Amino acid sequence: MKKTILYLFLLFSVSLFAQLQTDYPPMEVCDDNNDGIANFDLTSKIPEILAGVNPSDYQVYFYETTVDASTGANPISNPSNYTNIVPNVQVVYVGIVNINTNETVITSLELMVNPTPVISIPTVTACYEQGIAGFDLGSVAESIWVQNGNAFNSINVDFYMTEADAANQVNPIGYYFQTQNQVTDIFVNVTNTVTGCT
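### What to know about the environment of N100
Thinking step 1. Here N100 is to be found in the loop between strand 5 (89–98) and strand 6 (104–114).
Thinking step 2. We classify N100 as exposed; its relative accessible area is 57%.
Thinking step 3. Taking the C-alpha atoms as reference points, N100 and T162, 62 residues apart in sequence, are found 57 Å from one another.

### Description of the pattern of salt bridges
Thinking step 1. In this structure the tally under the stated criterion is one salt bridge.
Thinking step 2. K45 is the partner of E48 in a salt bridge, and the nearest nitrogen-oxygen pair spans 3.1 Å.
Thinking step 3. The exposure class assigned to E48 is partly exposed, which follows from its relative accessible area of 26%.
Thinking step 4. Judged by its relative accessible area of 8%, K45 falls in the buried class.

### Here we look at unusual backbone geometry
Backbone geometry follows two general trends: most residues other than glycine have a negative phi, and most peptide bonds adopt the trans configuration.
Thinking step 1. The phi dihedral of N88 falls on the positive side, at around 70°, and the residue is not glycine.
Thinking step 2. As for its placement among the helices and strands, N88 is situated in the loop between strand 4 (82–83) and strand 5.
Thinking step 3. Overall, the relative accessible area of 41% leaves N88 in the partly exposed class.
Thinking step 4. One non-glycine residue, N102, adopts positive backbone phi at about 65°.
Thinking step 5. The residue N102 is located in the loop between strand 5 and strand 6 in this model.
Thinking step 6. Judged by its relative accessible area of 62%, N102 is exposed.

### Brief notes about the sheet that holds strand 6
Thinking step 1. Read across the open sheet, the four strands follow the order 1-6-5-3; overall the sheet is mixed. Bordering the open sheet on either side are strand 1 (27–30) and strand 3 (58–63), each of which pairs with just one other strand. Each strand axis lies, on average, 25° off the axis of its neighbour in the sheet, ignoring direction.

### Notes on the side chain of N114
Thinking step 1. With respect to the secondary-structure elements, N114 resides in strand 6.
Thinking step 2. A distance of 2.8 Å separates polar atoms of two side chains, one belonging to N114 and the other to E28.
Thinking step 3. Setting aside chain neighbours within four positions, we find N114 in contact with E28, V29, C30, D31, T195 and C197.

### A word on the state of the cysteines
Thinking step 1. Using the criterion set out here, one finds one disulfide in the structure.
Thinking step 2. The disulfide bridge from C30 ends at C197, spanning 2.1 Å between sulfur atoms. Here C30 and C197 share a disulfide; its torsion about the S-S bond, -95°, makes the bridge left-handed. You can see C30 sitting in strand 1 and its partner C197 sitting in the segment after strand 11 (187–192), a full 167 residues away along the chain.

### Focus on helix 4 (residues 137–147)
Thinking step 1. Within the sequence span of helix 4, burial applies to L137, G138, V140, A141, I144 and W145. Looking straight down helix 4, one finds its buried side chains confined to an arc of 155°; they lie on one side.
Thinking step 2. Where helix 4 is buried, its residues contact strand 8 (132–136), strand 9 (155–160), strand 10 (176–179) and strand 11.
Thinking step 3. Between the side-chain oxygen of the N-cap and the backbone nitrogen of G138 there are 3.0 Å, and the N-cap of helix 4 in question is D136.
Thinking step 4. Directly beyond the C-terminal end of helix 4, a positive phi value near 75° is found at G149.

### A short note on the confidence of the model for the chain
Segments scoring low in pLDDT should not have their predicted coordinates read at a detailed level.
Thinking step 1. Taken over all residues, the pLDDT of the chain has a mean of 89, while the share at 70 or more is 91%.
Thinking step 2. Low pLDDT (under 50) marks residues 1–16, which in the prediction has four contacts with non-local residues, meaning those over four places away or in another chain.

### Describing the packing of aromatic side chains
Thinking step 1. Going through the model one piece at a time under the given rule, you end up with one aromatic pair.
Thinking step 2. When the centroid spacing of 5.6 Å and the interplanar angle of 80° are considered together, the rings of F159 and Y175 count as edge-to-face. On the criterion of sequence distance, the pair formed by F159 in strand 9 and Y175 in the loop between helix 5 (163–168) and strand 10 is long-range, its members being 16 residues apart.
Thinking step 3. Its relative accessible area of 3% is what places F159 among the buried residues.

Calculation notes
Residues numbered from 1 in each chain as written. Predicted model: local features only at pLDDT ≥ 70, side-chain atom pairs only at ≥ 80, totals over all residues. Heavy atoms only, no water. Helix = DSSP H or I, 4+ residues; strand = E, 2+ residues; numbered from the N terminus. Buried < 20%, exposed > 50% of the residue type's maximum accessible area, 1.4 Å probe, protein only. Salt bridge = Lys/Arg side-chain N within 4 Å of Asp/Glu carboxyl O. Pairing = 2+ DSSP bridges. Axes fitted to C-alpha atoms, helices over the stretch in contact; angles between N-to-C directions. Polar contact = N/O pair within 3.5 Å; in protein donor to acceptor, adjacent residues only side chain to side chain. Contact = heavy atoms within 4.5 Å. Disulfide = S-S within 2.5 Å. Arc of directions from axis to C-beta. pLDDT = per-residue confidence, 0-100. Phe/Tyr/Trp six-rings, centres within 6.5 Å; stacked < 30°, edge-to-face > 60°.

Listed below in structure tokens is the structure:
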């Protein structure tokens, strides 16, 4: 009888940790200046980490090294505003501690800093014909695609008459634009359709 009770206890303990997810999709953010460094709110991942278990039974810590994670030393001091120390892609380690049993599961989480599209747009000019100037904005879009490695399948380029429309991505104008004005400001929104970075 004593062996059976011990066996059931071990099985119950293992099954509690079996409910924890230990494989997570990467945390991805857009790089505001393409230096490969960005801020991450690691704590926003905790609900996903603790999905399937009672969150009040666990404490989650984040670490920069596996050694720290395995010893519980040097947890990241401000996980809600963590700046990656390895450009572009970094792995941080997650220590999930059961506060009732003091058992710890260690897993990893990949942080990805996605570049924003490169944009350098020259002033575009055209000659008046019968009081109307026509502009080929498609050629501007092509130059943006070239600047981003000819990624026309993954870089979306849209033009707008107002900054608000560009920011909200509403009311885009076509790639051929006509105007009677001598000077017209046109706003462009460039989005990487794979990462969502603009």
